[in-house]
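Here are the chains, one letter per residue:
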Amino acid sequence: MPRRRARVLRRERADQFVVRAVVLGCGVRGDPRCVLPSVPSRPGRPAQRRLPPPPRGSLRRVPRAAGRRQLCRHDPAQPGGEIRHLVAVRLLERAGRGLAGTGTALHTAGAPEARIPAHPAGREGEPRRLPRPDPVLAGRAALRDDRGEGPGRPAPGQPAALDRLLRAARHARHRVLPAVDATVTSVAVTSVAVSPTYTVAVRTLCEFTAKTGDLDLRFTPSPTAQEGIAGHAVVAARRSADDSGYESEIALSGTYGPLHVRGRADGYDPARNQLEEIKTFRGDLERMPANHRALHWAQLKVYGHLLCAARGLERVRLALVYFDIGSQKETVLTEDHDADGLRALFEGQCASFVAWAEQELAHRAARDAQLRALAFPHAAFRPGQRELAEAMYKASARSCALLAQAPTGIGKSVGSLFPLLKAAAAHGLDKIFFLAAKTSGRRMALDAVATIQASAPLLPLRALELAARNTACEHPDKACHGESCPLAQGFYDRLPAARAAALEQPMLDRAAVREVALAHNVCPYYLQSELVKWADVVVGDYNYYFDVTAMLYALTVMNEWRVSVLADEAHNMVSRARKMYSAELEHAGLRVLRKTAPEALKKALDRVHRQWSALEKEQDGEYAAYAELPDKLVGALQTAATEIGDYMAENPAWFDADVLDFYFAVLHFTRLAESFGEHSIFDVTLSGSGTRANSVLCLRNIVPAPFLKARFDAARSVALFSATLSPWNYYSDTLGMPADTAWVDVASPFQAAQLSVRIAGHISTRYQHRDRSLAPIAALMAEQYERTPGNYLAFFSSFDYLEKAADLFEERHPHVPVWRQPRRMDETERDAFLARFTEDGRGIGFAVLGGAFGEGIDLPGARLIGAFIATLGLPQINPVNEKIRERMQAIFGAGYDYTYLYPGLQKVVQAAGRVIRTTTDEGTVHLIDDRFARPDIRALLPAWWHVPHDR
């Protein structure tokens, strides 16, 4: 029978995308023209400069019929190159290769044509709110290829025809293409047995099976990642110079039952039949803990077996190469092994792990089966909640980033977590990271998990809360090693039992992890770090994924996890990310250190002091920003860091908290100095004189985009959501959101009649007018209170302004209860402040805008019926902010807006959002400043507000 050419499967409906059947589980390929290319900037707006890196092209629209828009069909969830499910496809001559999405390429004939802005930079005086929602992610009408719930309907996100072509593989991550007959009207599957496979990295396997003994974190400074990479390159270059046949970075893999073990060996010399594992270090190699050395040998022996099996070798020499970053010298330890012995060692390691792997495969299968059947945990979606959930699911299907502006009160935590749990099975997600800026946000995430678990008792979902080290540590007065801390002694020997017990818990919040850890006599903090590898949902702070040394990001890259990241309260992301990638050094601290540091370190510290003093002498005013970093000073800091590191490596028992703090600060500063560019500012602030003279060096990041790019790229999808993400281009530009980022502006469930918004246009709260503003503000507050007694919050721009206003108000209206936010507040004081807001209470709480009570608190009903906001929230005008404004103007053409206006108004809207929390709440907000009446300011306020001009 003659062979026939591959046929394109015809669409059954006009809205179904074209697919091509292929072999080897490589997926399906659609029309490549569906990818959205780039288009020039909108006419009339300033040219937009992009930071290097990351280069980001603007979006372009492809001319096509009105009302039809196609999305990129690439879907990394399909099998890519390592694991193949062999499926015979009859009557196909050629196989298309590529990746395609299951339900990710959607023709939206019902969606109206929409302009797709290319990260528009707002011009001065022309603020931009969030544009109309992405027509695919936020269309009010259900998309034909993304049906919702209902009897007899296929799974959401998957066209019916493709449901018949794609069948779930037994391996949870992938889908395979069954055989297709000549007419493509029926589907027949060739008999293929696909066993579930658990893929594990060599390092993870060995850490699980070969790590024993104490947890030992005695400070022996290890090289930085850059130094480690450079050290490996030096050794490889030396080998290549000596032998042109030397091989570097050899990919190896092997199987044992359901295990698929993979990794990369550092180097192999065929002439000497020597396999090498390179480890970089500092200091005295003899001080390396024995269990660290044993782990290194275990990894090398696994690589040795994989190499022998791959190349048919009977014997191989294994070499551990320890490369000293400081002296550039190598210490080589060798052992000769035969293939049979290495195979036995490999099988022993795998046998120790295979029971756990089978347990994990069973957990994954059970988890995904329950998630496919998971129903929404409440009887119905709240208004706006379904729109948010659909956007989250479709963003995961498209494998893209999402900016979602969703009002308070719609249930954002459940509305974002539920669709991603549904997507976990459909899109092959390993983990979901739910990140928040504050404790309250993380608590709501855990409550959302508990709600979903309660609605699905059979769902085996592992949820883990990450606690900060200073709160999780049981013995803060002890060092992290077995000779000091009882919970570090024998940690790895007791870890397997603790890990198994922990994973039996339905919710691994901080209290549950602590209980398990103490029951097994292990450290709670390091137990939670171990549990990340086996959790399905991880709840923590932003810094666990976005920071310089973020644990979740590092584990994601190392283990090649497929993750979705949710960032709640995302209006905080800009300020938090700036802090993560900024660094400060104070000269006064160095002066003290020079007197107390060991003699061996004083020469290096003196060199830093001289270069620092020279920079101060060259500076005329109190503040100066520099276009370039002072090379001599940075070089002296790098030398000092090396000297301190070497000294502590040679003297591990020695400890000085001040030296250690300085060391870490210098490491952070010099690491950021390596990537200094227009995204950051280097400035020096002088203070005092004579013997009290001091200065602060600051590497101040103002555009985190280049640093966050790799974090966005590592995740399958990232969703940033908040009640205040307008204007969207401010967040997109400063955070460096990917070019294909989608957006959605969820309609508010609240009505304008619920909130009376009034502008006090007769009052100015500008700094020079503040004293004059106190009396009219007190009169306005008293008038509102007398008219409608109840609980109110009054927000001011600073503690000084707050105290003056509160003093005058209490003096003139002593019958009104008043309580104030103190300058320094602990958790107890915070709780006491909020406890005053009771259902039958009355009075006014005075607080600082942008502080602990400006967001993240929930006071529904009569607990809060109004707010007075006596400020625009604009950052203070000072030399630092003016320099930031200049840089923002140069990069984005929106200096004032990006530096002052948008950050200020975001705090105002957040504070006002404390008043209306449910659809039954009613209240009043007074915006106290004449500038609130300006059209450009009013344009940035929520669309559902009705804002008349009071006076």
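Residues numbered from 1 in each chain as written. Predicted model: local features only at pLDDT ≥ 70, side-chain atom pairs only at ≥ 80, totals over all residues. Heavy atoms only, no water.

In the annotation of an unreviewed UniProt entry, the entry for the chain reads ATP-dependent DNA helicase, and the organism field reads Pseudoduganella flava. Entered under Sequence similarities (unreviewed entry) in the UniProt record, the comment concerning the chain runs "Belongs to the helicase family. DinG subfamily." (UniProt positions renumbered as here; feature names shortened; annotations may be inferred.)

A. Inspection of a negative patch on the surface at higher detail. A cluster of like negative charges, contributed by Asp-826, Glu-827, Glu-829 and Asp-831, occupies part of the molecular surface. Note on placement: Asp-826 falls in the loop between strand E24 (818-820) and helix H24 (827-835). (Patch = residues over 30% accessible without salt bridge, like charges linked within 9 Å, V, L, I, M, F, W, Y side chains within 5 Å. Areas by Shrake-Rupley, 256 points an atom, 1.4 Å probe, with all protein chains shown as cover. Salt bridge = Lys/Arg side-chain N within 4 Å of Asp/Glu carboxyl O. Lys, Arg positive; Asp, Glu negative; His and termini not counted. Charge placed at Lys NZ, Arg CZ, Asp CG, Glu CD. Helix = DSSP H or I, 4+ residues; strand = E, 2+ residues; numbered from the N terminus.)

B. Structural context of the pairing of strand E20 (residues 717-722). Of all the six residues making up E20, six are buried; the element is thus mostly covered by neighbouring parts of the structure. Of the two faces of E20, the one holding Ser-717, Ala-719 and Phe-721 and the one holding Val-718, Leu-720 and Ser-722 are both buried throughout. In this sheet, E20 lies alongside strand E15 (residues 563-567) in parallel orientation, the contact comprising four bridges. Bridging from a neighbouring strand, Ser-564 pairs with Ser-717 of E20. (Buried < 20%, exposed > 50% of the residue type's maximum accessible area, 1.4 Å probe, protein only. Pairing = 2+ DSSP bridges.)

C. Representation of helix H12 (residues 524-531) within the structure. Here H12 lies mainly inside the structure; eight of its eight residues are buried. Among the residues making up H12, those that are buried are Pro-524, Tyr-525, Tyr-526, Leu-527, Gln-528, Ser-529, Glu-530 and Leu-531. Residues of H12 that are buried in the fold lie against strand E13 (463-465), helix H9 (469-472), helix H10 (491-502), helix H11 (510-519), helix H13 (543-546) and helix H14 (551-559). (Contact = heavy atoms within 4.5 Å.)

D. Representation of the state of the cysteines within the structure. Tallied over the entire structure, the rule returns zero disulfides. There is no disulfide at Cys-350, and the cysteine sulfur nearest it, in Cys-206, is 8.9 Å away. Of the cysteine sulfurs around Cys-480, a residue in no disulfide, the closest is that of Cys-473, at 6.1 Å. (Disulfide = S-S within 2.5 Å.)

E. Seen up close, the sheet that holds strand E19 (residues 694-701). Spatial ordering of the open sheet is given by E16-E19-E18-E17, a layout of four strands whose pairing is antiparallel. Strands at the two margins of the open sheet, each flanked by one partner only, are strand E16 (583-586) and strand E17 (623-626). Across the sheet, the mean angle separating the axes of adjacent strands is 15 degrees when strand polarity is ignored. (Axes fitted to C-alpha atoms, helices over the stretch in contact; angles between N-to-C directions.)

F. Region of the structure containing the pattern of salt bridges. One pass over the full model with this rule turns up 43 salt bridges. With its nearest N and O atoms 3.5 Å apart, the salt bridge here joins Arg-443 to Asp-447. With Arg-443 and Asp-447 both in helix H8 (residues 439-455) and four residues apart, this pair spans about one turn of that helix. Given the relative accessible area of 39%, Arg-443 is considered partly exposed. Its relative accessible area of 40% is what places Asp-447 among the partly exposed residues. Linking Arg-917 and Asp-858 is a salt bridge whose minimum nitrogen-to-oxygen distance equals 2.7 Å. Highlighted residues: Arg-917 in the loop between helix H26 (895-912) and strand E27 (923-927) and Asp-858 in the loop between strand E25 (843-848) and strand E26 (866-869), separated in sequence by 59 residues. On the basis of relative accessibility, which here comes to 12%, the residue Arg-917 falls in the buried class.

G. Geometry of the side chain of Arg-914. Structurally, Arg-914 is set in the loop between H26 and E27. The side chain of Arg-914 sits in the buried core without any salt bridge; Asp-858 is the nearest counter-charge, 6.3 Å away. In this structure the side chain of Arg-914 is engaged in a polar contact, spanning 3.0 Å, whose partner is the backbone oxygen of Ile-857. (Polar contact = N/O pair within 3.5 Å; in protein donor to acceptor, adjacent residues only side chain to side chain.)

H. Just the packing of helix H21 (residues 728-735) against H26, in detail. Running from amino to carboxyl end, H21 crosses H26 at an angle of 120 degrees, the nearest separation of the two axes being 11 Å. The angle between the axes of H21 and H26 places the two elements in the oblique class. Relative to H26, the crossing made by H21 is left-handed. Between H21 and H26, the residues in contact are Asn-729, Tyr-730, Tyr-731, Asp-733 and Thr-734 and Tyr-898, Tyr-902, Pro-903 and Gln-906, respectively. For the contact of H21 with H26, the residue count by class is five nonpolar, three polar and one charged. (Parallel < 35°, antiparallel > 145°, perpendicular 65-115°, else oblique. Left-handed = near helix turned anticlockwise from the far one by under 90°. Nonpolar A, V, L, I, M, F, W, Y, C, P; charged D, E, K, R; others polar.)

I. A look at the packing of helix H6 (residues 385-398) against helix H7 (residues 412-426). The interhelical angle for the contact between H6 and H7, taken along N-to-C directions, is 35 degrees, at an axis separation of 8 Å. Crossing of H6 against H7: the hand is right-handed. For the pair H6 and H7, contact is made by Gln-385, Leu-388, Ala-389, Met-392, Tyr-393 and Ser-396 and by Lys-412, Val-414, Gly-415, Ser-416, Pro-419, Leu-420, Lys-422, Ala-423 and Ala-426, respectively. A breakdown of the residues in the contact of H6 with H7 according to their chemical character gives nine nonpolar, four polar and two charged.

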